[in-house]
Structures are given as structure tokens and as C-alpha cells.
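# Structure assessment
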Amino acid sequence: MKKRTFLKISSALMTAPLLSPLSGWATGEKLKNWAGNLEYSTTKLYQAKSTEQVSEFVKKHSKFKVLGTRHCFNKIADSKDEFISLTQADELIEISSDGKTVTVNSGLKYGQLSPVLDKKGYALHNLASLPHISVAGACATATHGSGNKNGNLSTAVSGMEMVTGTGETIKLTKEKDGQEFLAAVVNLGALGVVTKVTLDIQPTFEMNQYVYQNLSFEKLKDNFETIESKGYSVSLFTNWQSRDIAEVWVKRKIEKGENYTPDAELFGAKLATKNLHPIPELSAENCTVQMGVPGPWYERMPHFKMGFTPSSGVELQSEYFVPRKNAVEAIMAVYKLADLVAPHLMTTEIRTIAADDLWMSPCYKQDSVAIHFTWKQDWPNVSKVLPVIERELAPFNARPHWGKMFTMAPAKLQSLYDKLPDFQEVIKEYDPQGKFRNGFLDMYIYKS
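All residue numbers here refer to positions counted from 1 along the written sequence of the relevant chain. For a predicted model such as this one, the threshold for reporting local features is a pLDDT of at least 70, and the threshold for listing and counting side-chain atom pairs is 80 or more; totals across whole chains, interfaces and linings nevertheless cover every residue. With hydrogens and water set aside, each side-chain value is computed from the structure's full complement of heavy atoms.

## A closer look at the packing of aromatic side chains
- Each pair of aromatic rings taken from Phe, Tyr and Trp, with Trp reduced to its six-membered ring, is defined by centres within 6.5 Å and is described as stacked if the planes are under 30 degrees apart, edge-to-face if over 60, and tilted in the remaining cases. All told, the structure shown has 17 aromatic pairs when counted by the stated rule.
- Judged by centre distance (5.1 Å) and plane angle (65°), the ring pair of Phe 406 and Tyr 444 falls under edge-to-face. With a gap of 38 residues between them, Phe 406 in the loop between strand S21 (399–400) and helix H10 (410–415) and Tyr 444 in helix H12 (residues 439–446) connect regions that are remote in the sequence.
- Each residue's exposure class comes from its accessible area (1.4 Å probe, protein chains only) as a fraction of the maximum for that residue type: buried when under 20%, exposed when over 50%, partly exposed otherwise. Look at Phe 406 and you get buried, because its relative accessible area is 10%.
- Here the aromatic residues Tyr 46, Phe 57, Phe 64 and Phe 436 are joined through ring pairs into a cluster of three or more.
- The ring of Tyr 335 has Arg 243 sitting right over it, with the charged end atom 5.2 Å from the ring centre.
- A ring has a charge above it when a Lys NZ or an Arg CZ is no more than 6 Å from the ring centre and no more than 35 degrees off the ring normal. Over the ring of Phe 205 we find Lys 253; its NZ or CZ atom is 4.5 Å from the centre of that ring. A run of DSSP states H or I qualifies as a helix once it reaches four residues; a run of E qualifies as a strand once it reaches two. Both are numbered from the N-terminal end.

## Quick notes on the confidence of the model for the chain
- Scored from 0 to 100, pLDDT reflects the predictor's confidence in each residue. Averaged over the chain, the pLDDT score is 91; the fraction of residues at 70 or greater is 92%.
- Any two residues whose heavy atoms approach within 4.5 Å at even a single point are treated as in contact. A low-confidence stretch, residues 1–26 stays under pLDDT 50, and its non-local contacts, those more than four residues away or across chains, total 51 contacts.

## Quick notes on the packing of helix H6 (residues 217–228) against helix H7 (residues 327–335)
- Closest axis-to-axis distance for the H6/H7 pair is 9 Å, and the angle between their directions is 160°. Relative to H7, the element H6 is oriented roughly antiparallel. Both H6 and H7 take part in a crossing whose hand is left-handed. Across from Phe 217, Leu 220, Lys 221 and Phe 224 in H6, the residues of H7 making contact are Ala 327, Val 328, Ile 331, Met 332 and Tyr 335.
- Classes in brief: Ala, Val, Leu, Ile, Met, Phe, Trp, Tyr, Cys and Pro nonpolar; Asp, Glu, Lys and Arg charged; the others, Gly included, polar. Class assignment of the residues belonging to the contact of H6 with H7 gives a composition of 8 nonpolar, no polar and 1 charged. Every axis in this analysis is a line fitted to C-alpha atoms, fitted for helices over the stretch in contact. Angles between the N-to-C directions lie between 0 and 180 degrees. Should an angle lie under 35 degrees it is considered roughly parallel, over 145 roughly antiparallel, and from 65 to 115 roughly perpendicular; all remaining angles are considered oblique. Working rule for handedness: look at the near helix, and if it is turned counterclockwise from the far one by less than a right angle, call the crossing left-handed; if clockwise, right-handed.

## Some remarks on the sheet that holds strand S3 (residues 65–66)
- Two strands make a pair as long as DSSP finds a minimum of two bridges between them. Within the open sheet, the 3 strands sit side by side as S2-S4-S3. Their pairing is parallel. Of all strands in the sheet, those bounded by a partner on one side alone are strand S2 (45–47) and S3.
- Pairing of S3 with strand S4 (residues 83–85), which is carried by 2 bridges, proceeds in the parallel orientation. Counterpart to Lys 65 in the pairing with S4 is Phe 83.

## Examining the pairing of strand S18 (residues 316–323)
- Taking burial as the measure, the 8 residues of S18 include 8 buried ones, the bulk of the element.
- By the alternation rule, side chains of S18 split into Leu 316, Ser 318, Tyr 320 and Val 322 and Gln 317, Glu 319, Phe 321 and Pro 323, which are all buried.
- Bridge count for S18 against strand S20 (residues 368–375) is 8 bridges, and the pairing is antiparallel. The residue bridging Gln 317 from the neighbouring strand is Thr 374, located in S20.
- Taken together, the 2 bridges between S18 and S21 define a ladder with antiparallel strand orientation. Bridging across to S21, Tyr 320 finds its partner in Pro 400.

## Re the environment of Lys 174
- Position of Lys 174 relative to the elements: it lies in helix H5 (residues 174–184).
- Looking at Lys 174, the relative accessible area reads 41%, which means it is partly exposed.
- Along the primary structure Lys 174 and Ser 154 are separated by 20 residues, whereas in three dimensions their C-alpha atoms are 12 Å apart.
- Look past the residues within four positions of Lys 174 in its chain and what remains in contact with it is Thr 155, Val 157, Ser 158, Phe 181 and Asp 200.

## Description of the side chain of Gln 366
- As for its placement among the helices and strands, Gln 366 is situated in the loop between strand S19 (345–353) and S20.
- Judged by its relative accessible area of 16%, Gln 366 falls in the buried class.
- Contact partners of Gln 366, with chain neighbours within four places excluded, come to Phe 321, Val 322, Pro 323, Ala 354, Ala 355 and Arg 399.

## Notes on helix H3 (residues 110–119)
- Counted residue by residue, H3 has 8 buried out of 10 residues, so it is predominantly covered.
- Tyr 110, Gly 111, Gln 112, Leu 113, Ser 114, Val 116, Leu 117 and Asp 118 are the residues of H3 that are buried.
- A positive backbone phi angle near 95° is found at Gly 121, which sits one or two residues after H3.

## Section: the environment of Phe 224
- With respect to the helices, strands and loops of the structure, Phe 224 is situated in helix H6.
- When the C-alpha atoms of Phe 224 and Ala 327 are compared, they prove to be 8.3 Å apart, with 103 residues separating the residues in sequence.
- Ignoring anything within four residues of it in the chain, the contact list for Phe 224 reads Leu 236, Ala 327, Val 328, Ile 331, Thr 352 and Val 369.

## Structural notes on the side chain of Thr 164
- One can find Thr 164 in strand S8 (residues 157–164).
- In contact with Thr 164, other than residues within four places in its own chain, are Val 58, Ile 170, Leu 191, Gly 192, Tyr 430 and Phe 436.

Okay, structure coming up:
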């Protein structure tokens, strides 16, 4: 057996209040998601510490769901019966001897993993906007990050350990398990309890980020590809009503020995002179450092710092993935809805993600652009706006983010995934008794 490097997460880190997925919750109180818009249907929660405990739990229970860091806005992870969680599992971070992969407890957050990796000289290829999410939860829903050449977080998965509906522990790898592996990575919580995840890693690197203000939509239309290629990843923020892109966040990978000076303008947009928040009205205190200040990859790729409330906290989120070839058309389709969208919106983020081969990923077989909406927490009004947005984006076969708010009919959603019938067959094999089924899966995966 090859020698491996083992890194222990300190108990202080694992139990710090800012990082606890269930901080502020006591037995008997209703469990809610982090934004507070969703009240879960049971308070029964079992904290598993090991794969063995997970297996025992699965064998004894007929119906339950896995609860992660609760960053989903819909009921994809909800249960009327019971929850199991691995966010407090006492596991190791294991770096392979060749330095190409790291194996982690599935409940670990990216904000916990990243500094440990960086300290040992390694990095992940991508991170989401906020680091507060768990590895398994992010991968199960194809949560993404950004960058023309960067696949979503699930594309880093090269192996996984899972307890299936029968209580059996199985291990899958990209190298050995082919299509079965591609079915299991973005699993939507339908196949089993993922206990460990192996991620591809690379040598660590530094990044910086610059923000440009007030890019006109006309300039965006004419120069979208050039703008999106300006950095390792690029995010565009708008409220639509201002009729411009309020902020362009350009995140750059710093090359050794480079002498880089940012352009003072980006197609008319001016270089910012202070740190900004994606929601312009909010303080940038919670945001990662901008202004070109160098820093480790994990402190620049996300928009928000680990030790702070991400985004605004009290909000709703929706997101739609369209083929990158249709990016400008899709953006302008939403632009026409500015007067309808803006009164209920905090901000919209537009970003690119590379194609992948994962069956249930919104980026399956297509380079994509994601149009993300951070809404005011007003579901009655947002629920009226979403069908209009979905209708405008329908010509582009827009796929909604699995963990965010949408109103798309199940039949329409199912038609967007060519591999859904095959995925349903894999579910039957992994979960023959339907232990992991819930209302969300019944509606969007099983319903015909």
C-alpha cells in the first residue's frame, strides 16, 4: 500500500460556532435552512461519526434523508421522517502520496478543507461563491463556481464511498467504474449516503481580484466572450433596472514573476477604488479582498469569507443554466423583464462553467452560462416572477439549479436530462426500497 499523508482537523475547528451547521438549533425546535425560508418537516436528527454508524442507521430505518449544511433553498433534502448528518463525523483528510488527490469526510466544508490543503501546498480547481457548503452536498447538486475552463465542483470528484439503501458500503472511482460513476457523482441524494469523497487536487497558487463598475449592456453584448476570458473566473452583477452591469469581478491566477497592471477601464467600465459587495447597498466586510491584493486561491475564488454570514443571509435564490453559445440572447431575454424582476431582486450574478459528463449536472455535455438571482425573501411575489423568467429562457432549454427555487413543471425539467431514464434505473439498483425518496424526488425524478 502506498504511503499516505494524514492531516487531522483540529477539534476547535470542527466545533467552532461560526462553522457549525446546526448552530442556534436545539432539540425540539424546528430545523430551518441557513436563509430561514424553509422549515424542515422533522426535527429528528442523527449525527453519524463513521461509515459503520451510517450503515447501521440505514439498515434500521425505512425512510430518511441526509442533511448537510442546509444551503439549499428548496425541499430537495427534506424529510418527514428523520435526518442523518455527517457534518460532525470524526474523519481524517487524506492526501495521496502522489499529491494528486485528497479524500475527505463528506460532511466537511470547503472552508475547512481549503486552508489545510493550501498549507500542505495544494489547491482545488474551483470553489463556489461561498465556502460554507459541504463537499458532498455541493457535488450532489452540481453546485458550481465559475470560469470558462473550470468545471463545477463535482467535476473534481475522482472517487467516492457510499452506503446504499441496503446498508452496503460501496466504493466508486472515475478510473474503474465508468458510467456508474458518472451517474453517482451528481446523485441528488437519491442513491445513498455518501460518506467519503476523493477530489483531484493540484499545486497551490495565489490569486487576486479586481472589480470594474458600470459596464453597459451594449458593451457586454458585443464583447461577452472577451470579458469572460479576462480572468480565471469572471462574475457579472446587475440589478437589471440600472440598465448596466454594476460590477464585473475578475479573479486572476497569479503567474510567477509576472508584472501585471490592470487596465483602468474594461469596455468603458471603471476600475473600482475600494472593496465592494455584490449587493451594492451592503458592506464589503464579509467579502473576499479585492483591489488586486494577492492571496491564496481559497481566499479569492469565493466572493465571501468563511467566518462571516455569506451574501445577505435573509434571501431566496434561483439560478438557470443555458448553453454558453446562447449566453447573450438569454441575458437580453431577462433584460427585457427588468421592470418585473428588479423590485423583488437583490442582485443577479452571471458566470460561465465548463461542460462535464456527469449525468444529472446542469452542465452535462454543454459549456454553460448561469444566470443567478438573489431575491428578497418574498416567495409570494418571487413565485409569480419565476414562471415569466422560465418562459423567456425556455427557448434555450434552461436547466434550473437543483438546490434553488424554481417553478418549472416536472415534465419539462425531466425533458432537459437525456440520461434521466438511466439514472432512474441506477436508483432502483442502489435504493430498491425507496429509503431516500422524498417529495422533491417523487415530483421531479420519479413522476412521469
